[in-house]
Amino acid sequence: MPQPRTDLLRALPQVEELMQAAPMRALENIIPRVMLVDCARAAVDAQRKRILAGEAETVDAEAILTTACNSALATLRPSLRRVINATGVVIHTNLGRSPLAESAVQAVVEAARGYSTLEYSVTNMARGSRHAHVEHLICTLTGAEAAIAVNNNAAAVMMVLAEFAADHEAIVSRGELVEIGGSFRVPDIMAQSNARMVEVGTTNKTHPADYERALTPDTAMLLKVHPSNYRMIGFTESVSKTDLRRIADSENTRRHAAGLDVPDVLVYEDQGSGAFIHLDVFGEYAEPTVRESLQGGCDLVSFSGDKLLGGPQAGIVVGKKEYIDRLKKHPLARALRLDKMTLAALEATLRLYLDPEAALREIPTLRMLTEDATVVRERAEALMHALRKRVAPRQAHLSIVEETGRAGGGSLPMCDIDTFCVRMEFKAGNAQNCEEHLQRDREVPVISRIKRECVLFDARTIAEGDIPEIVDAVGSYFDTLASAKEA
Ligand SMILES: *Cc1c(COP(=O)(O)O)cnc(C)c1O
């Protein structure tokens, strides 16, 4: 017979009782008392709610105390912390996109620890420019005349539109009015920067004549947006950069001949992923490089620092010097500027590209994307063997399975990346509970995925050094099962 509710409510421990318990008293040495009281109260309240909802049939004061202690301990953990990415998604936006190369990490540490030449030129022994640290490298690597880096690519797009298309018309294909991750939608960014959006073409097909017909003396820009995270296939057509260049050139010639006192129409591409190296392994679907976009005739091209480039979060605009100079003077360039740590990471990442082989080897994003599947398989096997030493056959069956991965981060959406996973099929416990333990109860959470009641650890995005931590985490899951049984 279940106890009546009032009995249960009466059996709930007082917050003060919990505070007197030995584990709580021990925590008082490391956690402020007010926070402990909050955690104790929250644990009691949660149990009271369960009783009132008819979800609890007993009151276990010990369990409430454990919950309170665990949530108190959780407050000690930093909110932003390392996780192990066993999802196989290389540029995982929720997990921080691109991990930095070792030399970039070192550069960040150096810049963060002390003073730096952030805005000082030792050559001139006077004030220097923050932009100077990366501009020359970006130009060397892309063939651009000039460059500027800001906080992220969304900021870069915003700044370009605000400078060149505010109160003017910018023509964009309906096939390119994209949304990239919840909060970046091309029409919204245009509205925000006061550019008047002129949509042309249809969802699947846009022709050069569509742009030509939409031109007016008020047109300031032909905007091309790379449909980063999707591709249209079948009956589709879009207008190439070279065609946009041709359309802009003939319009500009016409304007000059007519003596019109309006600025030139410029061609701007929001390229998104920011490839500096053509990744041949992805064949026809490899992302075009920034250099190719410039050679195709764009006046300006913008892209992210932490997608295919594999550096820190940043937005980079490259192109004609006269235009970049105007951007450098825009108030948004000041508001959206990079801090010294990001600049340090960006400069170090760019330096690696001076030797493309070093870039492919040392920039984690590039290495993971291009690593041979046989090497990934070897790492999967190493993980499986390590797991077998900790996990008994009666707990789980372990095997290697072939899977197809994705680059993520709105890059290479058409590219299947062959990969190998360790699959864990449960003989004790289950995939959902295990995943919960791996994410919620671990100092370093392990993010895996579930497929058909099995947990998969994708070896493409895990490092050799992650293996002991994954083994520990999985072992600890089966330990909690065993101790729950004993209790
Ligand atoms: C990713 C992306 C953005 C946004 O870039 P952030 O660096 O994330 O701000 C904008 N445009 C395109 C085409 C993208 O792919």
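Structure shown above.
Residues numbered from 1 in each chain as written. Predicted model: local features only at pLDDT ≥ 70, side-chain atom pairs only at ≥ 80, totals over all residues. Heavy atoms only, no water.

### Considerations on the nonpolar core
Grouped together as the largest cluster of nonpolar side chains are 56 residues, with contacts concentrated most on Leu-222, Val-318, Leu-346, Tyr-353 and Leu-369. Not counting residues within four places of it along the chain, the set of residues in contact with Leu-369 comprises Val-90, Leu-279, Phe-282, Leu-308, Ala-407, Leu-412, Ile-417 and Arg-460. Residues Ile-148, Phe-184, Ile-189 and Ala-195 belong to the second largest nonpolar core, which totals 33 residues. (Core = buried A, V, L, I, M, F, W, Y, C linked by side-chain atoms within 4.5 Å. Buried < 20%, exposed > 50% of the residue type's maximum accessible area, 1.4 Å probe, protein only. Contact = heavy atoms within 4.5 Å.)

### What about the sheet that holds strand β17 (residues 454-458)?
Pairing is antiparallel in the open sheet, where four strands are placed in the order β13-β14-β17-β16. Pairing within the sheet leaves two strands with one partner each, and these edge strands are β13 (396-405) and β16 (449-451). Across the sheet, the axes of successive neighbouring strands diverge by a mean angle of 35 degrees, strand direction being ignored. Contacting β13, β14 (417-426) and β17, helix α18 (residues 373-388) runs over the sheet at an angle of about 15 degrees to β14. (Pairing = 2+ DSSP bridges. Helix = DSSP H or I, 4+ residues; strand = E, 2+ residues; numbered from the N terminus. Axes fitted to C-alpha atoms, helices over the stretch in contact; angles between N-to-C directions.)

### As for the side chain of Asp-270
Structurally, the position occupied by Asp-270 is in strand β10 (residues 266-272). In this structure, Asp-270 is buried with no salt-bridge partner, the nearest side chain bearing the opposite charge being Lys-307 at 7.0 Å. Within polar-contact distance, the side chain of Asp-270 engages the side chain of Asn-153 at 2.9 Å. Ignoring any residue separated from it by four or fewer positions in sequence, one finds Asp-270 in contact with Asn-153, Val-157, Phe-184, Lys-224, Val-225, His-226 and Ser-302. (Lys, Arg positive; Asp, Glu negative; His and termini not counted. Salt bridge = Lys/Arg side-chain N within 4 Å of Asp/Glu carboxyl O. Polar contact = N/O pair within 3.5 Å; in protein donor to acceptor, adjacent residues only side chain to side chain.)

### A few points about the pattern of salt bridges
On inspection of all chains with the given rule, the structure shows 38 salt bridges. Ionic pairing is found between Glu-436 and Arg-440, a salt bridge with its closest N-O pair at 3.4 Å. You can see Glu-436 and its partner Arg-440 sitting in helix α19 (residues 431-440), four residues apart, about one turn around the helix. Classification of Arg-440 by relative accessible area gives exposed; the value is 58%. Through salt bridges with shared partners, one network takes in Glu-119, Arg-127, Arg-130 and Arg-337.

### Looking at the pairing of β10
With seven of seven residues buried, β10 is to be regarded as a mostly interior element. Along β10, one buried face is formed by Leu-266, Tyr-268, Asp-270 and Gly-272 and the opposite face, lined by Val-267, Glu-269 and Gln-271, is buried too. By the bridge criterion, four bridges tie β10 to strand β11 (residues 300-304) in an arrangement that is parallel. When the sheet's bridge partners are listed, Glu-269 is paired in β11 with Val-301. For the segment spanning β10, helix α12 (residues 290-295) and β11, crossover handedness is right-handed. (Right-handed = clockwise from strand over helix to strand, strands pointing away.)

### A closer look at the state of the cysteines
By the definition in use, this model includes zero disulfides. Counting only cysteine sulfurs, Cys-69 is the nearest neighbor of Cys-39, a cysteine outside any disulfide, at a range of 9.0 Å. Exposure remark for Cys-39: the relative accessible area of 9% places this residue in the buried category. Unpaired in terms of disulfides, Cys-298 finds its nearest cysteine sulfur in Cys-139, a separation of 16 Å. (Disulfide = S-S within 2.5 Å.)

### Quick word on the layout of surface pockets
It is a probe the size of a water molecule, rolled over the atoms, that shows where empty space is left. For the largest pocket, the calculated volume is near 1400 Å³. Lining the largest pocket we find 47 residues, and of these Leu-95, Gly-96, Arg-97, Ser-98 and Pro-99 sit closest to its centre. In terms of residue count, the dominant contributor to the lining of the largest pocket is helix α17 (residues 364-370) (three residues). (1 Å grid on protein atoms, 1.4 Å probe; cavity = no way out; pocket = protein on both sides within 12 Å on 5 of 7 lines; lining within 4 Å. Points joined across faces, edges and corners; volume = space filled by probe spheres on them.)

### Notes on the environment of Pro-393
Mapped onto the elements, Pro-393 comes out in the loop between α18 and β13. As for Pro-393 and Lys-427, which are separated by 34 residues in sequence, their C-alpha atoms are 7.9 Å apart.

### Some thoughts on the packing of helix α8 (residues 153-164) against helix α13 (residues 321-329)
Contact geometry of α8 with α13 gives a least axis separation of 10 Å together with a crossing angle of 100 degrees. Compared by their axis directions, α8 and α13 come out roughly perpendicular. Side by side, α8 and α13 meet where Met-159, Val-160, Glu-163 and Phe-164 of the first sit next to Tyr-323, Arg-326 and Leu-327 of the second. Its residues assigned to classes, the contact of α8 with α13 comprises five nonpolar, no polar and two charged. (Parallel < 35°, antiparallel > 145°, perpendicular 65-115°, else oblique. Nonpolar A, V, L, I, M, F, W, Y, C, P; charged D, E, K, R; others polar.)

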